[in-house]
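# Inside the fold
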Amino acid sequence: MELKKGIPVVPGYSIGNAFVLDSEEYRIPRRQVSGEKEVRDELEKLEEAREQSIRELEEILDKFDRQFGGQSTPIVESHISMLKDDHLLDLIKKAINEEQYTAEYAVSRIFRQYIKQMQASSSEAYSGRIQTDLNDIEKRWLRNLLGERRQDIHSLEDPMIIIARELTPSQTASLDREKVLGFATDAGGRTSHTAIVARDMGIPAVVGLNDISNGVSGGDKVIIDGNRGMVFVNPDQQTLDKYRDLEQNYRDYERRLEEEQKDQPAQTKDNERIKLLGNIQYPAEIEEALRYGAEGIGLYRTEFLYFNPDSNPGEEEHFEAYSKSLRKLNGKPITFRTLDLGADKMAGDQTSSEDNPFLGLRAIRLCIKQSQMFRQQLRAILRAGTEGDARILFPMISSRQELDQALQILDECKRELDQKGIPFDENIPVGVMVEVPSLAMTVDLIADDIDFLSIGTNDLIQYALAVDRTNAEIADLYQPAHPAILQLLRDILETGKTHDLPVSMCGEMSSDIKYVLLLLGMGLKEFSVAPTAILEVKKIIRSVTMEEAEEIAEKAFDISEPEKTNRFLEDRTSQILPEAF
Amino acid sequence: MSETDTTTPTTAREQAEITKSAGLHVRPAQELSGRAEEFSASIEIWKDSDGPEKAVNAESIMELLSLGAGKGTILVIRAKGSDAKQAASAIAEFIKNAGS
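Keep in mind that this is a model prediction, so the values were computed, not measured.

## Re the overall build of chain A
Along chain A, the regular secondary structure elements total 22 helices and 16 strands. Within chain A, residue pairs in contact and separated by at least 24 positions form 69% of the contacts whose partners lie at least 6 positions apart. Carbon together with sulfur atoms contributes 43% to the accessible area of chain A, which is approximately 24,600 Å² in total.

The following block contains the structure:
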């Protein structure tokens, strides 16, 4: 049994078999064969695949030799000698003979062992280089072993726990959520891509585990403890039994919560009405949000339309997705955040080539520069708006000028539709995300030109504290309860109140139940959260009066030390929801 | 640096330090395993800091890589067989210049 610790991002427990996702998305199930003949067959397959791999590499050498005459390609030669290494072959054969493993599982297992051994005995710089070579050889060998039989992430047969370095948006876009039990990744922090997707899907997840993707072989039994940030690999019976109980209890807790809270209004004990909305990335998630009692969708992350590797959405695809969403909501409101591409969210398989992508050409900046794509989307939202209560939300606005540019493009889109006689929602409400500190400090300058504000805490915290939210190394510095953040939030809420401007919060901070009392006490009236967090947030809101919440917020402010503030808030919250901690 | 084992004439022992920054990475490990095969003596290598119980077979590139021998590592070479002496000193010489 091995225990790894990371950052817990989605609570809950799951137990299952690992699907290890590498760049080529192979899954090697832990399987055994029985019988002497079967073992002999595996050994034969192993040797054939090895010879085939060597032949492939020798062909590369030949080709290279013909093209460049006499020039050697040392790395290919090295790969050939690794494949020819008798010692390696003996170890793999031994695993097949003695453990009755399939050839592919034996190969994958022995390579993991070598990588682990090397990591243990050398510096990262040294092992990192060699690991790339070992992964290459392993992949080639496996490809020749498995041929077409390999299983990929998009067509999992059984429910699995996904283990990866970090999931890319295009990988999560086509995940079959019925088949995913949990996530464990090497990289990331509380608001990295995997964390956000997992939270919206309500699937237990632990990120920032550093090297889990190399420590686990496909098919290994894995336990994810999303409450404490722990992952057990090949757990012993005692641990397994303990977690089966925990998992069951947690399910019971969720069921009780649903029965108890679902049909209750979100209001404090003294009848202050709070709006509870859901965050989504695909129209399919609307049902789930409604099932948990969402009063609408406070954040639809529309860029996810771009992450399916096969699609290049045009106006019609946007329109279809949006009008479908509005019909599903049946009159309840939905806020479309316009494309927030760039930085950690690139379309298709692109990667950013900027030095500082989070400070680069992303979100509204990209939309204004490449307005063709932006206009398609705006026209689609305007048209769909006739079918329900639609709102537009611009991300990453940092100044008055930027807002003016975006509004001008919106106006041009309206005029264009008007001229063509296409029906659209002329009075669609427009809001901005407050997520850049420069805007957070000057909200009053734009307050009269917009209809609502939505605080995006993920980026606001990252920019205000200069902490890359996707970097696991500095995840401890990402502190929503930092006094600077609390100050910014209070100012934004104040300004909203002065200008009679509705303010909602759609960042992960509002889904983190320990901050609900604080935000409520600070005067937040609209929470847009991950669908699976709605019931817990509601229960907390329903357990206090406004006066109590205000008192808690005052105290939290006075502490002005993030860790202590967190402990204080956790303590107060656990009096209401002891099962959640 | 060299010290010949005197107990049996067919055993030889040497040690050598890796001085190049890349260490014993893929390419030098491959060359080293190739050199080791040229001798009839069997050759084992271990990290001085680990001791002989962690010895690996010098003819196996994978085993050599698993040593994780970066810059500054001192390796001990032990050869057994009729050409043990030549083998051990040739390998030691190679290791001193291994890497880039």
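## Observations regarding the sheet that holds strand β5 (residues 180–185) of chain A
Residue and element names in this part refer to chain A. With respect to topology, eight strands assemble into an open sheet ordered β1-β8-β7-β3-β4-β5-β6-β2, the strand pairing being mixed. Single-partner strands in this sheet number two, and they are β1 (2–5) and β2 (7–10). Within the sheet, the average angular offset between the axes of one strand and its neighbour, ignoring direction, is 30°. Of the pairings in the sheet, the one linking β2 to strand β6 (residues 205–207) comprises three bridges and is antiparallel in character. Bridge assignment links Val10 to a residue of β6, and that residue is Ala205. Relative to β2, helix α7 (residues 193–201) is tilted by about 40°, and along the sheet it contacts β2, β5 and β6.

## Quick look at the interface of chain B and chain A
Taken residue by residue, the interface counts 18 residues in chain B and 20 residues in chain A. Considering only the surface of chain B that becomes buried against chain A, Val26, Met62 and Ser66 of chain B emerge as the three largest contributors, covering 36% of it. Our enumeration of links across chain B and chain A arrives at one salt bridge. Arg27 of chain B is paired through a salt bridge with Glu77 of chain A; the nearest N and O atoms lie 3.2 Å apart. Our count for the chain B to chain A interface comes out at seven residue pairs in polar contact (both at pLDDT 80 or more). Those elements giving two or more residues to the side of chain B that touches chain A turn out to be α1 (26–37) and α2 (61–66) of chain B. A total of five residues in the side of chain B that touches chain A trace back to one element, the largest contributor, which is α2 of chain B. Looking at the side of chain B that touches chain A residue by residue, the class counts come to eight nonpolar, seven polar and three charged.

## Quick word on the packing of aromatic side chains
Residue and element names in this part refer to chain A. The tally for this structure, following the rule as stated, stands at 10 aromatic pairs over all chains. An aromatic cluster of three or more residues is present, and its members are Tyr13, Phe232, Tyr243, Tyr250 and Tyr253. The ring of Phe319 has Arg383 lying over it, and the distance from NZ or CZ to the ring centre is 4.1 Å. Above the ring of Phe557, the side-chain terminus of Arg490 is found at 3.8 Å from the ring centroid.

## Digging into a negative patch on the surface
Taken together, the side chains of Asp270, Glu547, Glu548, Glu550, Glu551, Glu554 and Asp558 of chain A present a region of like negative charge at the surface. Note on placement: Glu548 of chain A falls in helix α21 (residues 546–559).

## Focus: the packing of helix α2 (residues 74–84) of chain A against α1 of chain B
Across the interface, α2 of chain A lies against α1 of chain B with an axial gap of 9 Å and an inter-helix angle of 55°. On the basis of their axis angle, the class for α2 of chain A and α1 of chain B is oblique. Pair α2 of chain A / α1 of chain B crosses with left-handed handedness. For the pair α2 of chain A and α1 of chain B, contact is made by Pro74, Ile75, Glu77, Ser78, Ser81 and Met82 of chain A and by Val26, Arg27 and Gln30 of chain B, respectively.

Rules behind the numbers
Residues numbered from 1 in each chain as written. Chains lettered and ligands numbered in written order. Predicted model: local features only at pLDDT ≥ 70, side-chain atom pairs only at ≥ 80, totals over all residues. Heavy atoms only, no water. Helix = DSSP H or I, 4+ residues; strand = E, 2+ residues; numbered from the N terminus. Contact = heavy atoms within 4.5 Å. Areas by Shrake-Rupley, 256 points an atom, 1.4 Å probe, with all protein chains shown as cover. Pairing = 2+ DSSP bridges. Axes fitted to C-alpha atoms, helices over the stretch in contact; angles between N-to-C directions. Buried area = accessible area lost by both parts, 1.4 Å probe. Salt bridge = Lys/Arg side-chain N within 4 Å of Asp/Glu carboxyl O. Polar contact = N/O pair within 3.5 Å; in protein donor to acceptor, adjacent residues only side chain to side chain. Nonpolar A, V, L, I, M, F, W, Y, C, P; charged D, E, K, R; others polar. Phe/Tyr/Trp six-rings, centres within 6.5 Å; stacked < 30°, edge-to-face > 60°. Lys NZ or Arg CZ within 6 Å of the ring centre and 35° of its normal. Patch = residues over 30% accessible without salt bridge, like charges linked within 9 Å, V, L, I, M, F, W, Y side chains within 5 Å. Lys, Arg positive; Asp, Glu negative; His and termini not counted. Charge placed at Lys NZ, Arg CZ, Asp CG, Glu CD. Parallel < 35°, antiparallel > 145°, perpendicular 65-115°, else oblique. Left-handed = near helix turned anticlockwise from the far one by under 90°.

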